[in-house]
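Architecture and fold: a report
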Amino acid sequence: MLINCKNGISSYEVHRALGITQKSAWFVLHRLRLALQMGSLVKLGGPGKEVEVDETFIGGAARFMSKERHDRLIKNRRMKGKTIVVGLLERDGSVRATVTGNRRKTRWKAW
């Protein structure tokens, strides 16, 4: 609704169309305008485009840590001492990366 209207859209119109309060509609419109301004709603991929996804662990190497720090951060905790970063690369296009909290399979959103 926001993008299709030439002159924009009021929060009252969104409130009536979606069945939410006017205050919530105003908040949603502000968030959408901010996302459009930052370009974060642009989806990766499309017809004939490939998207690659990869993850990496960023943090200090265990061999450079003192024994106490190594035991506290890494020993028997797998990758708890490192930060997981997921990156998306669109061939001949944009690159996006984000920090994620875990490695569980999730449904990816367009960042």
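Look above for the structure.
This is a predicted model, so every value here is computed, not measured. (Residues numbered from 1 in each chain as written. Predicted model: local features only at pLDDT ≥ 70, side-chain atom pairs only at ≥ 80, totals over all residues. Heavy atoms only, no water.)

1. Considering the pairing of strand β2 (residues 83-90)
Short version of the rule: In this description, strands pair whenever DSSP reports at least two bridges between them. Numbering of helices and strands starts at the N terminus; helices are DSSP runs of H or I of at least 4 residues and strands are runs of E of at least 2.
With 8 bridges joining them, strand β1 (residues 51-58) and β2 adopt antiparallel strand pairing. By the bridge assignment, I58 is partnered in β2 with T83. Inspection of the sheet shows β2 paired to strand β3 (residues 95-100) by 6 bridges, in the antiparallel sense. Counterpart to L88 in the pairing with β3 is R96. From the end of β2 to the start of β3, which pair antiparallel, there are 4 residues, and D92 there has a positive phi angle of about 55°.

2. Observations concerning the sheet that holds β1
Our working rule: Orientation is described by lines fitted to C-alpha atoms, with helices fitted over the stretch in contact, and by angles between N-to-C directions that extend from 0 to 180 degrees.
What the 3 strands build is an open sheet, ordered β1-β2-β3; its pairing is antiparallel. Because the sheet does not close on itself, it has two edges, and the strands there are β1 and β3. The sheet shows a mean angle of 20° between the axes of neighbouring strands, direction not considered.

3. Things to note about the side chain of S11
Test applied: For each residue, the accessible area found with a 1.4 Å probe, counting protein chains only, is set against the maximum for its type, and the residue is called buried under 20%, exposed over 50%, and partly exposed in between. Whenever two N or O atoms come within 3.5 Å, that pair is a polar contact, provided that in protein one can donate a hydrogen and the other can accept it, and provided that, for residues adjacent in sequence, both atoms are side-chain atoms.
Structurally, S11 can be placed in helix α1 (residues 11-18). The buried category is assigned to S11, whose relative accessible area is 10%. Polar side-chain contacts of S11 include one of 2.7 Å to the side chain of Q22.

4. With respect to the side chain of E90
What counts, and what does not: Throughout, a residue-residue contact means that at least one pair of heavy atoms, one from each residue, lies within 4.5 Å.
Looking at the secondary structure, you find E90 in strand β2. Contacts of E90, omitting those with residues within four sequence positions, involve L44, G45, K49, E50 and V51.

5. Details of the nonpolar core
This is how the line gets drawn: We define a nonpolar core as any set of buried Ala, Val, Leu, Ile, Met, Phe, Trp, Tyr and Cys residues linked to one another through side-chain atoms lying within 4.5 Å.
Membership of the largest hydrophobic core is limited to 5 residues, which are L2, I9, V14, A25 and L29. The residues contacting A25, other than those within four sequence positions of it, are S11, V14, H15 and I20.

6. Some words on the pattern of salt bridges
Worth spelling out the cut-off: Salt bridge criterion: a side-chain nitrogen from Lys or Arg within 4 Å of a carboxyl oxygen from Asp or Glu.
Going through the model one piece at a time under the given rule, you end up with 2 salt bridges. A salt bridge links K49 to E90, with the shortest nitrogen-to-oxygen separation between them at 3.9 Å. With K49 in the loop between α2 (22-38) and β1 and E90 in strand β2, this residue pair connects regions lying 41 residues apart in the sequence. A salt bridge links E52 to R91; the shortest N-O distance between them is 2.4 Å. Linking E52 in strand β1 with R91 in the loop between β2 and β3, this pair joins segments that are 39 residues apart in sequence.

7. Quick word on the environment of E90
Residue classification places E90 among the buried positions, given a relative accessible area of 8%. Residues E90 and E50, spaced 40 residues apart in sequence, show a C-alpha to C-alpha distance of 6.0 Å.

8. Digging into α2
For clarity, the cut-off: In this analysis, the expected span of each helix is defined as 1.5 Å times one less than the number of residues it contains. Regarding the arc, it is the one traced by the directions from the helix axis to the C-beta atoms.
The first and last C-alpha atoms of α2 sit 24 Å apart over 17 residues, in line with the 24 Å expected at 1.5 Å per residue. Those residues of α2 not exposed but buried are A25, L29 and A35. Taken end-on, α2 shows its buried residues confined to a sector of 130°, consistent with a single buried face. Set apart from the buried face of α2 by more than 90 degrees, the exposed residues are K23, R31, Q37 and M38. Residues of α2 that are buried in the fold lie against α1. G39 sits one or two positions beyond α2 and adopts a positive phi of about 80°.

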